[in-house]
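# Survey of secondary and tertiary structure
Residue-level listing of the chains:
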Amino acid sequence: MNGAVVSEAEVNAMYAASLGVPVGLVSGDDVICRIAREQFAGVEAVEVKVAHGYTSTASLAPSVARGAIRDAAARAVRNAATLTVPELPTQFRVAVDMPTATAAELALSIPGARRTSERSVECTVTDAGQVLGLIVVFYELAASAMHAKTALFMRR
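Every value quoted in this text rests on a predicted model; they were computed, and no experiment measured them.

This next bit is on the overall build of the protein chain. Summing up its helical and strand segments, the protein chain has 5 helices and 6 strands in all. Listing the helices and strands of the protein chain from first to last along the sequence gives α-β-α-β-β-α-β-α-β-β-α. Reported as C-alpha extents along the three principal axes, the dimensions of the protein chain are approximately 55 × 40 × 20 Å. Excluding contacts between residues fewer than 6 apart, the proportion of contacts in the protein chain whose partners are at least 24 apart in sequence is 49%. Roughly 9800 Å² of accessible area belongs to the protein chain as shown, and the carbon and sulfur atoms make up 56% of that amount. Measuring between centres, the 14 positive side-chain charges of the protein chain sit 6 Å from its 15 negative side-chain charges.

Printed below as a string of structure tokens:
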């Protein structure tokens, strides 16, 4: 986004900011909580799991996680008046590396999309809601292209 790698939490925070809402609470793994603490002043970050690679975590027991989130939510509500809404840029340049060249080709059907490399596509929008829409479409195109590739492999 605008030349920086951003997390799902940061994209959601931009959307919330576009509605005038600050980020008061984030829960998730240790990685997203670290990002939240760095990016969102005054945030309550609750680590309910520790990431061990892309597909594995060590998680708290659900009852422990619920209690930690409940306590942090109460603190976030008490401190809500101190939270600020960050200023947003006037444009969002969203660049995505798609998993296949086919997915990148499909993404060119999005108005304003341009290819920046064999598998990379970029779009510029002016609204945080449009950013979320682009990400959903990019994800679905990537999933469709991967599914088609798998189906083709399975037929051979």
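Within the fold, T82 resides in the loop between α3 (62–78) and β4 (92–97). On the accessibility criterion, T82 (60% relative accessible area) is exposed. Taking the C-alpha atoms as reference, T82 lies 9.3 Å from A41; in sequence the two are 41 residues apart. Among the polar contacts listed, one links the side chain of T82 to the backbone oxygen of N79, at a separation of 2.6 Å.

It is worth spelling out unusual backbone geometry at this point. With phi around 50°, N2 is a residue other than glycine that occupies positive phi space. With respect to the helices and strands, the residue N2 is situated in the segment before α1 (8–18).

The subject of this paragraph is the environment of V21. In this fold, V21 is placed in the loop between α1 and β1 (25–29). Given a relative accessible area of 42%, V21 falls into the partly exposed group. C-alpha separation for the pair V21 and L83, spaced 62 residues apart in sequence, amounts to 9.1 Å.

Attention now goes to α3. Over its 17 residues, α3 runs 24 Å from end to end, which matches the ideal 24 Å to within 8%, given 1.5 Å per residue. Every buried residue of α3 is accounted for by A65, G67, A72 and A76. Tucked inside the fold, the buried residues of α3 contact β1 and β2 (44–51).

Below, the discussion takes up the sheet that holds β2. In spatial order, the strands read β1-β2-β3; together these 3 strands make up an open sheet with mixed pairing. Two strands bound the open sheet, and with one partner strand each, they are β1 and β3 (57–59). Across the sheet, the axes of successive neighbouring strands diverge by a mean angle of 30°, strand direction being ignored. Examined bridge by bridge, β2 and β3 share 3 bridges and lie antiparallel to one another. Within β3, the position partnered with A51 by the bridge is T57.

Definitions and cut-offs
Residues numbered from 1 in each chain as written. Predicted model: local features only at pLDDT ≥ 70, side-chain atom pairs only at ≥ 80, totals over all residues. Heavy atoms only, no water. Helix = DSSP H or I, 4+ residues; strand = E, 2+ residues; numbered from the N terminus. Contact = heavy atoms within 4.5 Å. Areas by Shrake-Rupley, 256 points an atom, 1.4 Å probe, with all protein chains shown as cover. Lys, Arg positive; Asp, Glu negative; His and termini not counted. Charge placed at Lys NZ, Arg CZ, Asp CG, Glu CD. Buried < 20%, exposed > 50% of the residue type's maximum accessible area, 1.4 Å probe, protein only. Polar contact = N/O pair within 3.5 Å; in protein donor to acceptor, adjacent residues only side chain to side chain. Expected span 1.5 Å × (residues − 1). Pairing = 2+ DSSP bridges. Axes fitted to C-alpha atoms, helices over the stretch in contact; angles between N-to-C directions.

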